Amino acid sequence: MDIPVYLIAGFLDGGKTNFINGILQDGFAKEDKTLLLCCEEGEEEYDKAALSNVTVVTIESEKALTCSFLKECEKKYKPRQVLIEYNGMWQLERLYRDVLPANWVLYQIMCMVQASTFEAYAKNMGQLMMEKITGADMLVFNRCTPELRESLRKRNLRMVNRRADIYLENVDGTSEDYLTGDECPFDMTQEVIDIPDEDFGVWYVDVMDHPDRYRGKLVHMMVVMCHSSQYPGIDCPGRFAMVCCDKDVTFLGLIARGEGLDRFKNHDWMEITAKMDVEEHPAYKGPGPVMHIVSVADGKKPRQEIVSF
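All figures in this text were calculated on a predicted structure; none of them were measured in a lab.

Peer 1: What am I meant to see in empty space enclosed by the protein here?
Peer 2: Sizing a probe to match a water molecule and rolling it over the atoms shows the empty space that remains. Tallying each qualifying case throughout the model produces one cavity of 30 Å³ or more. Considered as a void within the structure, the largest cavity measures approximately 30 Å³ in volume. Listed by contribution, the elements that provide at least two residues to the lining of the largest cavity are strand E5 (104-114) and helix H4 (115-124). The class makeup of the residues in the lining of the largest cavity is five nonpolar, three polar and one charged.

Peer 1: Can you help me understand the nonpolar core in this one?
Peer 2: Here is a general trend for soluble globular proteins: nonpolar side chains tend to be buried in one another's company. Within the largest apolar cluster, 32 residues are counted, with the highest numbers of intra-cluster contacts made by Phe200, Trp203, Tyr214, Met221, Leu254 and Met291. Of all elements in the fold, only helix H7 (200-209), strand E10 (218-224), strand E13 (255-257), strand E14 (269-281) and strand E15 (286-298) reach the threshold of two or more residues within this core. Once you skip the residues sitting within four places of it in the chain, Met291 turns out to touch Trp203, Met221, Pro237, Leu254, Ile255, Ala256, Arg257, Ile272, Ala274, Lys275 and Met276.

Peer 1: What am I meant to see in a nonpolar patch on the surface here?
Peer 2: A cluster of nonpolar side chains, Met242, Val249 and Ile306, forms an exposed patch at the surface whose accessible area comes to about 200 Å². Topologically, Ile306 is positioned in the segment after E15. On the basis of relative accessible area, Ile306 is assigned to the partly exposed category, the value being 32%.

Peer 1: Teacher, can you tell me more about the packing of H4 against helix H5 (residues 126-135) here?
Peer 2: When two helices pack together, their arrangement is given by the angle between the helix axes and by the axis-to-axis distance. Between H4 and H5, the least distance of the axes is 5 Å, while the angle of their chain directions is 115 degrees. Here Phe118, Tyr121, Ala122 and Asn124 of H4 come into contact with H5, specifically with Gly126, Met129, Met130 and Ile133. Split by residue class, the contact of H4 with H5 holds six nonpolar, two polar and no charged.

Peer 1: How should the environment of Met242 be read in this particular structure?
Peer 2: Looking at the element boundaries, Met242 is found in strand E11 (residues 238-242). In the structure, Met242 is positioned 56 residues away from Phe186 in sequence and 21 Å away in space, judged by C-alpha atoms.

Thresholds applied
- Residues numbered from 1 in each chain as written.
- Predicted model: local features only at pLDDT ≥ 70, side-chain atom pairs only at ≥ 80, totals over all residues.
- Heavy atoms only, no water.
- 1 Å grid on protein atoms, 1.4 Å probe; cavity = no way out; pocket = protein on both sides within 12 Å on 5 of 7 lines; lining within 4 Å.
- Points joined across faces, edges and corners; volume = space filled by probe spheres on them.
- Helix = DSSP H or I, 4+ residues; strand = E, 2+ residues; numbered from the N terminus.
- Nonpolar A, V, L, I, M, F, W, Y, C, P; charged D, E, K, R; others polar.
- Core = buried A, V, L, I, M, F, W, Y, C linked by side-chain atoms within 4.5 Å.
- Buried < 20%, exposed > 50% of the residue type's maximum accessible area, 1.4 Å probe, protein only.
- Contact = heavy atoms within 4.5 Å.
- Patch = residues over 30% accessible without salt bridge, like charges linked within 9 Å, V, L, I, M, F, W, Y side chains within 5 Å.
- Areas by Shrake-Rupley, 256 points an atom, 1.4 Å probe, with all protein chains shown as cover.
- Salt bridge = Lys/Arg side-chain N within 4 Å of Asp/Glu carboxyl O.
- Axes fitted to C-alpha atoms, helices over the stretch in contact; angles between N-to-C directions.

Next comes the structure, spelled out in structure tokens:
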């Protein structure tokens, strides 16, 4: 049976234990027997009142965290779900590659960062810090002052991790979304903006929300051809995307114009470079992004054919 794993990463004093206490107090382990692996002991302690359905196992060293040890824990404690408070000085790659058993499925990675120490860690331990930020599904910066919030937003962390939900927890106890609506998830200073296969969904949302941002910009990507049946003569290449679940797959296409498109059939893969513009079209019910093809060639189907957000 697959066991969902929830990984809480970050450096010492980042707020990992407080976060775990919060979700346990909210009933995270109320129904499912939970194994909590503690790989780092800080000043905070787990709330004993919230541990009634939780088994806590402390792991003293990185060498002790092995696949065989986790299998023994599974056999002994029979958890239905696993929480891991991960040591900030340990590399995540080893955990993914060598440690997690095949049936331990990594459901979510949450990274906690103390805002006041972020710059120092990023400067002195950049690789360790960045691997946690780039891999996170949720990123929380704790103890933010107005100055720290401004500094973090200037960094535009959306270019480091385009998919994560990012939150700022303020020193007064309030919380706010990192996004203000002005951030761009891609580096717009590039001569040609490369859209990675796995980030097409992120780009599609951004270009539909902010088409003027991309006006006149060159973009490069791998897409699949779609000749519109609703608007004959219109080509709208794009990608199939899983919006919610595997049964909720939809096609995300953009209007394209240019020579060479007619030689591709529906579902053919294409590698394109296009100059973006904004034009009126009934498909958009107003102005929307249009790709003017600069170059097009046969494309190779990516390893992950369906994109997600």
